[in-house]
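Understanding the architecture of this molecule
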Amino acid sequence: MSSIQKAMLTLLAREPLTGYDIKQQMNSRMGAFWKANNNQVYPELSKMEEEGLIRLKEVEHDSYRPPRKVYEITQVGKESLIEWTIEPVELATIKDEFLVKAYNTWLVDPEKMLIRIEEARNLHIKKLSIYLDKMEELKDMLDPNLKFDPISSSMDVVEHGILYERMYIEWCDKVIKKLQKSK
C-alpha cells in the first residue's frame, strides 16, 4: 500500500467521501503534515478499488453537475489500515528550507537576517492561531460518550501542531535575541 493510499484510507475510515472531498480534506485536515498532488487522488482511488481496499458506495447525481462517486473503506481496507497504523515507525526527516537558510546566518548581515527570522516567526504565529482555532472547533465536536472518538485522534494531531509551532516561535525568539545582540 502506497503512502498516499494510507492517507486516503485514513480519511475514508472516518466517513465515505468523493475524490474531490478527499483532496479537500487532505489539504485542510491533513495539510499541515501531508500533501497530495492534484493528479494523485483519482488514479489511487482506482487502484484501491481494484485491491479491494475501498468500494464505490453510491453515485451522487445533481441536475447541473456530472455524477460524483462516493467511496467507502472496506473491511479489508480497514484491516490494512489498522495493521499499518500499529507497525513500528522510522524517525521522520524534516525538510525545512528556512532552516537551511538559518544555517547560513553567519554569512549574512544580522539586520537582513533579522527580517527573515521575524517573517518566519510571524508565519508560525499565524499557523499557531489556525491550530488553536481548530482545537476549539474539535472540542465542540467531541462526543464524550464515545470511548474511541475519531475527533479525539484529530485533537492529538492538532495538539502536536500547536506544540511544534510554539517550539518554532520560541526558537525564532532566541535567534532574534542573538542577532539583536550582534548588531
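Keep in mind it's a predicted model, so treat the numbers as computed, not measured.

Each value, and the rule that gives it
Residues numbered from 1 in each chain as written. Predicted model: local features only at pLDDT ≥ 70, side-chain atom pairs only at ≥ 80, totals over all residues. Heavy atoms only, no water. Helix = DSSP H or I, 4+ residues; strand = E, 2+ residues; numbered from the N terminus. Polar contact = N/O pair within 3.5 Å; in protein donor to acceptor, adjacent residues only side chain to side chain. Contact = heavy atoms within 4.5 Å. Core = buried A, V, L, I, M, F, W, Y, C linked by side-chain atoms within 4.5 Å. Buried < 20%, exposed > 50% of the residue type's maximum accessible area, 1.4 Å probe, protein only. Pairing = 2+ DSSP bridges. Phe/Tyr/Trp six-rings, centres within 6.5 Å; stacked < 30°, edge-to-face > 60°. Axes fitted to C-alpha atoms, helices over the stretch in contact; angles between N-to-C directions.

To continue, consider the side chain of Asp149. Following the sequence through the fold, Asp149 ends up in the loop between helix H6 (110–141) and helix H7 (150–181). Side-chain polar atoms of Asp149 contact the backbone nitrogen of Asp143, separated by 2.8 Å. Within the structure, the side chain of Asp149 is placed 2.9 Å from the backbone nitrogen of Ile151, a separation counted as a polar contact. Setting aside anything within four residues of it in sequence, one finds Asp149 in contact with Met141, Leu142 and Asp143.

It is worth spelling out the nonpolar core at this point. Met8, Leu9, Leu12, Ile22, Met26, Leu45 and Ile54 are the most contacted members of the largest nonpolar core, which totals 19 residues. Contributing elements (two or more residues each) for this core: helix H1 (3–12), helix H2 (19–28), helix H3 (41–50) and strand S3 (68–73).

Before going further, it helps to spend a moment on the environment of Lys181. You can see Lys181 is positioned in helix H7. Take Lys181: its relative accessible area is 76%, and that puts it in the exposed class. Taking C-alpha positions, Lys181 is 9.4 Å from Pro110, a pair spaced 71 residues apart along the chain.

This part takes up the pairing of S3. Relative to S3, strand S1 (residues 17–18) runs antiparallel, the two sharing 2 bridges. Residue pairing across strands places Thr18 opposite Val70, the latter belonging to S3. In this structure, strand S2 (residues 54–60) lies alongside S3, joined through 6 bridges in antiparallel fashion. Its bridge partner being in S3, Ile54 is matched across the sheet by Ile73.

A few words on the packing of aromatic side chains. Counted by the stated rule, this structure contains 3 aromatic pairs. Consider the rings of Phe98 and Trp171, whose centres lie 6.3 Å apart with planes at 85 degrees: the pair is edge-to-face. Residue Phe98 is located in helix H5 (residues 97–102), and its partner Trp171 is located in helix H7; the two are separated by 73 residues in the primary sequence. According to the relative accessible area criterion, Trp171 is partly exposed, its value standing at 27%. The rings of Phe98, Tyr164, Tyr168 and Trp171 are connected pair by pair, giving a single aromatic cluster.

Before going further, it helps to examine the sheet that holds S3. Spatially, the 3 strands line up as an open sheet ordered S1-S3-S2, and their pairing is antiparallel. Of all the strands in the sheet, just S1 and S2 have a single pairing partner and so form its edges. This element, H1, spans S1, S2 and S3 of the sheet and lies at about 90 degrees to S3.

Any functional reading would require information beyond the geometric quantities listed.
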